[in-house]
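Fold and contact review
Each chain, written out:
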Amino acid sequence: MTDGPLIDIRGVRHAYRTAGGPLPVLDGLDVAVADGGFTAVVGPSGCGKSTLTRLVAGLLIPDAGEVRVHGQPVTGPRSNVGMAFQNPVLLEWRTILDNVLLPLEIVRTGMTKAEGTDRARALLALVGLEGFEDKRPSELSGGMRQRASLCRALIHRPEVLILDEPFGALDAFTREDLWQIMHRVKEREPFTGVLITHDLRESIFLADRVVVLSGRPARTQYVLDVPDTGPRDLDHLYTPEAAEMLAVLRRQIEIAQGRAPAEEHAAAAAPEPVPGPPAPGRQGAVTGAVP
Amino acid sequence: MTARKVLVPLLAIAIFLVLWEALVWAMGWPNYKMASPSDLIPAYGRYWELFLTMGWQTLWRTVAGLVLAVIFGTALGMVMGFSRTMRDALYPLLVGFNAVPKATVVPIVALLFVGQHDFNTVLIAFMISFFPIAVSVSIGLSTLEPEYRDILRSLGASQATIFRKIALPKTLPEFFGALKVSVTLAFIGTNLMEIVSPHGRGLGALFDSGKTNSDYPLMFAVLIALAFLGIVLYYVVVALERTFAGWADRGV
């Protein structure tokens with residue numbers, strides 16, 4: 001294990017080539033995730049959050065800047081990554097168990113077939129899907145499918161787990177269930193995680209660090225360290241500390257959206273908050289987000 | 001397969017035949033205007049040997065055309081599904097080709113490869129039936145959500161693996177949907193050639209000889225035999241679909 005962060009993104013800039021010329025999506029992105037850390041990335045919609053996951057997964061090589069995992073520059077896909085998306089993308093023609101086993105057909109892990117199956121069953125039990133191994137995805141609810149997708153992302157013991165709004169399409173109660181399950185999973189199956197989300201409560205409930213991105217092209221605008229980590233219950237979201245963190249993040253999002261002018265804000269150690277692109281006519285329209 | 005699943009369609013066919021017989025009888029049509037099911041039985045009795053050999057001719061050439069259509073259509077669909085440029089380039093050509101009525105192509109092909117009756121017939125069956133397959137495969141592949149690809153790509157899977165494990169099985173329901181259309185089209189193609197081409201073989205030629213000899217019950221008997229073959233082939237495709245893409249059927 002190295003001393004530096006396990007995932008280290010530095011000064012990354014990237015533009016998509018479109019018919020109407022280059023579209024810059026990332027412009028000065030810095031994200032560092034410690035070994036075993038869990039970083040949430042929030043930001044206005046369309047700001048390039050998903051591009052960030054593709055960088056870490058090695059599916060996209062940035063125009064400039066560095067993406068390192070374990071100190072090694074990422075030059076292409078690496079099998080030590082697990083991914084889960086908002087769309088669970090389970091294969092309809094496979095059973096839940098066979099869906100979870102899919103990565104083992106690609107990645108060499110040294111696991112025998114029987115070990116892989118045992119591990120898949122254990123993971124499914126861990127997320128509460130015991131007894132659903134032989135069902136088809138179409139027989140499961142949205143939340144259950146998402147849980148199966150999480151098991152698939154973890155089956156090959158990836159070092160890095162990338163979650164791209166995995167709970168975004170679920171109803172509020174199912175989502176909160178899955179938050180609890182995530183804590184259980186993290187305890188039993190340690191991973192280094194990046195969670196893309198636009199749910200601020202989700203970010204402070206699950207992650208130990210929250211990175212706020214500016215509007216497009218995205219740069220790292222603000223970093224919040226969450227003091228309490230590890231498993232906890234939902235009551236933790238209703239403490240004064242949580243309310244204060246949410247207020248800080250809310251305000252940073254407004255800055256990122258260009259709806260609030262940037263100003264000094266009492267907060268945890270963080271890089272200088274910088275103003276987002278101004279939105280004409282909307283300046284000063286700050287609404288109080290503090291409960 | 002329950003008894004109900006077999007009995008209901010059989011009963012429907014029986015009712016259809018009774019209504020047909022009743023219509024012809026009520027209208028007092030002579031059999032040169034419209035043959036009735038009872039006229040068909042002697043036709044089959046007299047020519048059953050011809051029906052077997054001609055039916056076999058039609059069947060194998062149709063299946064051969066279909067097999068070619070599946071191979072070529074799938075390949076073309078893959079090319080168009082994976083490459084935007086190829087899709088843009090080939091679509092207008094393909095649509096134009098499909099819009100040409102195949103009845104007009106038949107005499108051209110018959111002259112082009114004169115005397116090669118089997119080849120001509122298979123060629124027309126193929127030409128008429130590959131279009132739905134190519135279009136459905138290309139749409140199935142091009143509408144594959146990028147996340148499906150990313151799941152495997154992020155693990156370092158090759159394009160071939162992604163195709164085999166995800167793109168191909170995911171396209172199967174669309175493929176079989178198209179194949180059901182193509183089966184019927186291929187029969188039309190085979191018969192067009194069999195009817196038009198001189199000294200032809202197959203049920204189409206039998207139909208043509210019925211016409212020449214004013215044997216109207218024979219002509220109707222050929223039509224029913226064609227319908228029967230069409231039904232058989234269709235259900236073969238349905239059986240294949242159940243085997244390979246049964247997962248897509250949600251039992252609704």
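Residues numbered from 1 in each chain as written. Chains lettered and ligands numbered in written order. Predicted model: local features only at pLDDT ≥ 70, side-chain atom pairs only at ≥ 80, totals over all residues. Heavy atoms only, no water.

Re the overall build of chain A
Each helix and strand counted, chain A has 7 helices and 10 strands in total. Within chain A, the proportion of its 291 residues that are buried is 52%. On chain A, roughly 12,800 Å² of surface is accessible, and the fraction owed to carbon and sulfur atoms is 51%. (Helix = DSSP H or I, 4+ residues; strand = E, 2+ residues; numbered from the N terminus. Buried < 20%, exposed > 50% of the residue type's maximum accessible area, 1.4 Å probe, protein only. Areas by Shrake-Rupley, 256 points an atom, 1.4 Å probe, with all protein chains shown as cover.)

Re the nonpolar core
If you look at the biggest cluster of nonpolar residues, it comprises 101 residues, and the most contacted ones within it are Ile9 and Leu29 of chain A together with Phe51, Leu152 and Leu203 of chain B. Top contributing element to this core by residue count: helix α7 (residues 159-196) of chain B, with 13 residues. Three or more residues apiece are contributed to this core by two domains, here domain 1 (1-79 + 191-291) and domain 2 (81-158) of chain A. Excluding residues that lie within four positions of it along the chain, isoleucine 9 of chain A makes contacts with Leu29, Asp30, Val31, Leu52, Val56, Glu66 and Val67 of chain A. If you look at the next biggest cluster of nonpolar residues, it comprises 52 residues, including Ala84, Ile96, Leu150 and Tyr222 of chain A. (Core = buried A, V, L, I, M, F, W, Y, C linked by side-chain atoms within 4.5 Å. Domains from an automatic or database assignment. Contact = heavy atoms within 4.5 Å.)

Structural notes on the sheet that holds strand β8 (residues 192-196) of chain A
Strands in a sheet are paired, the pairing made by backbone hydrogen bonds, and the direction either parallel or antiparallel. Residues and elements named next belong to chain A. If you trace the 6 strands from one edge of the open sheet to the other, you get β6-β7-β8-β3-β9-β10, paired in mixed fashion. Strands with a single pairing partner mark the edges of an open sheet, and in this sheet they are β6 (81-85) and β10 (220-225). When the angles between neighbouring strand axes are averaged without regard to direction, this sheet yields 15°. Pairing analysis gives 4 bridges linking strand β3 (residues 38-42) to strand β9 (residues 209-213), with the strands arranged parallel. Bridge assignment links valine 42 to a residue of β9, and that residue is valine 212. Against the sheet, helix α4 (residues 142-154) contacts β6 and β7 (160-164), and its axis sits at roughly 165° relative to β6. (Pairing = 2+ DSSP bridges. Axes fitted to C-alpha atoms, helices over the stretch in contact; angles between N-to-C directions.)

Here we look at the domain arrangement of chain A
Residues and elements named next belong to chain A. Here chain A is described as being made up of domain 1 (1-79 + 191-291) and domain 2 (81-158). With both chains or domains summed, domain 1 and domain 2 bury close to 470 Å², and 71% of this area falls on carbon and sulfur atoms. There are 0 salt bridges connecting domain 1 and domain 2. Along the contact surface separating domain 1 from domain 2 lie 1 residue pair in polar contact (both at pLDDT 80 or more). In terms of residue class, the side of domain 1 that touches domain 2 is made up of 4 nonpolar, 2 polar and 1 charged. (Buried area = accessible area lost by both parts, 1.4 Å probe. Salt bridge = Lys/Arg side-chain N within 4 Å of Asp/Glu carboxyl O. Polar contact = N/O pair within 3.5 Å; in protein donor to acceptor, adjacent residues only side chain to side chain. Nonpolar A, V, L, I, M, F, W, Y, C, P; charged D, E, K, R; others polar.)

Comments concerning the side chain of serine 136 of chain B
Residue and element names in this part refer to chain B. Examined against the element boundaries, serine 136 turns out to sit in helix α5 (residues 117-142). At 3.1 Å, the side chain of serine 136 forms a polar contact with the backbone oxygen of isoleucine 133. Beyond its immediate chain neighbours, meaning those up to four positions away, serine 136 contacts Thr171, Glu174, Phe175 and Ala178.

Re a nonpolar patch on the surface
Residues and elements named next belong to chain B. Side chains of Val6, Leu7, Leu10, Ile13, Phe16 and Leu17 sit close together on the surface and give an oily, nonpolar patch of about 550 Å² of accessible area. Inspection of the secondary structure assignment puts isoleucine 13 in helix α1 (residues 3-27). Owing to a relative accessible area of 43%, isoleucine 13 belongs among the partly exposed residues under this scheme. (Patch = residues over 30% accessible without salt bridge, like charges linked within 9 Å, V, L, I, M, F, W, Y side chains within 5 Å.)

Some remarks on the packing of aromatic side chains
Under the counting rule described, the total for this entry stands at 13 aromatic pairs over all chains. Geometrically, the ring pair formed by phenylalanine 38 of chain A and phenylalanine 191 of chain A is edge-to-face, given 5.5 Å between the ring centres and 80° between the ring planes. With a gap of 153 residues between them, phenylalanine 38 of chain A in strand β3 and phenylalanine 191 of chain A in the loop between α5 (172-188) and β8 connect regions that are remote in the sequence. Phenylalanine 191 of chain A shares its class with phenylalanine 38 of chain A; the two are buried. Arranged with centres 5.8 Å apart and planes meeting at 45°, the rings of phenylalanine 97 of chain B and phenylalanine 130 of chain B form a pair that is tilted. Taken as a pair, phenylalanine 97 of chain B in helix α3 (residues 84-99) and phenylalanine 130 of chain B in helix α5 lie far apart in primary sequence, 33 residues in all. Residue classification places phenylalanine 97 of chain B among the partly exposed residues on the basis of a relative accessible area of 34%. (Phe/Tyr/Trp six-rings, centres within 6.5 Å; stacked < 30°, edge-to-face > 60°.)

Some remarks on the pairing of β7 of chain A
Residue and element names in this part refer to chain A. When you tally the buried positions in β7, you get 5 out of 5 residues, the bulk of the element. Alternating positions in β7 separate into two faces, Val160, Ile162 and Asp164 on one and Leu161 and Leu163 on the other, with burial throughout. Alignment of β6 against β7, held across 5 bridges, turns out to be parallel. Bridge pairing in β7 places phenylalanine 85 opposite aspartate 164. Relative to β8, β7 runs parallel, the two being bridged by 5 bridges. Note on β8: the bridge partner recorded for leucine 163 is leucine 195. The β-α-β motif built from β7, the intervening α5 and the parallel element β8 has right-handed crossover chirality. (Right-handed = clockwise from strand over helix to strand, strands pointing away.)

Describing the pattern of salt bridges
Per the stated rule, a full pass over the model turns up 17 salt bridges over all chains. Salt-bridge contacts for aspartate 8 of chain A lead to arginine 10 of chain A; the nearest nitrogen and oxygen are separated by 2.8 Å. Using a relative accessible area of 9% as the deciding quantity, one classes aspartate 8 of chain A as buried. A salt bridge links lysine 211 of chain B to aspartate 208 of chain B, with the nearest nitrogen and oxygen atoms 3.7 Å apart. Residue lysine 211 of chain B and its partner aspartate 208 of chain B are both found in helix α8 (residues 203-212); the two are separated by 3 residues, about one turn of the helix. On the accessibility criterion, lysine 211 of chain B (47% relative accessible area) is partly exposed. The network of salt bridges with common partners includes Arg61, Asp118, Glu194 and Arg201 of chain B.

Some details on the environment of histidine 199 of chain B
All names here are of chain B. Position of histidine 199 among the secondary structure elements: in the loop between α7 and α8. What makes histidine 199 exposed here is its relative accessible area of 78%. Separated by 88 residues in sequence, histidine 199 and leucine 111 have C-alpha atoms that sit 13 Å apart.

Thoughts on the interface of chain A and chain B
In this assembly, 25 residues from chain A lie in contact with 18 residues from chain B. Approximately 1,900 Å² of surface area, both sides summed, lies buried where chain A meets chain B, with 70% of it carried by carbon and sulfur atoms. Summed over the shared surface of chain A and chain B, the number is 2 salt bridges. A salt bridge links glutamate 105 of chain A to lysine 165 of chain B, with the shortest nitrogen-to-oxygen separation between them at 2.8 Å. Linking chain A with chain B are 3 residue pairs in polar contact (both at pLDDT 80 or more). It is β6 of chain A that provides the largest number of residues to the side of chain A that touches chain B, a total of 3 residues.

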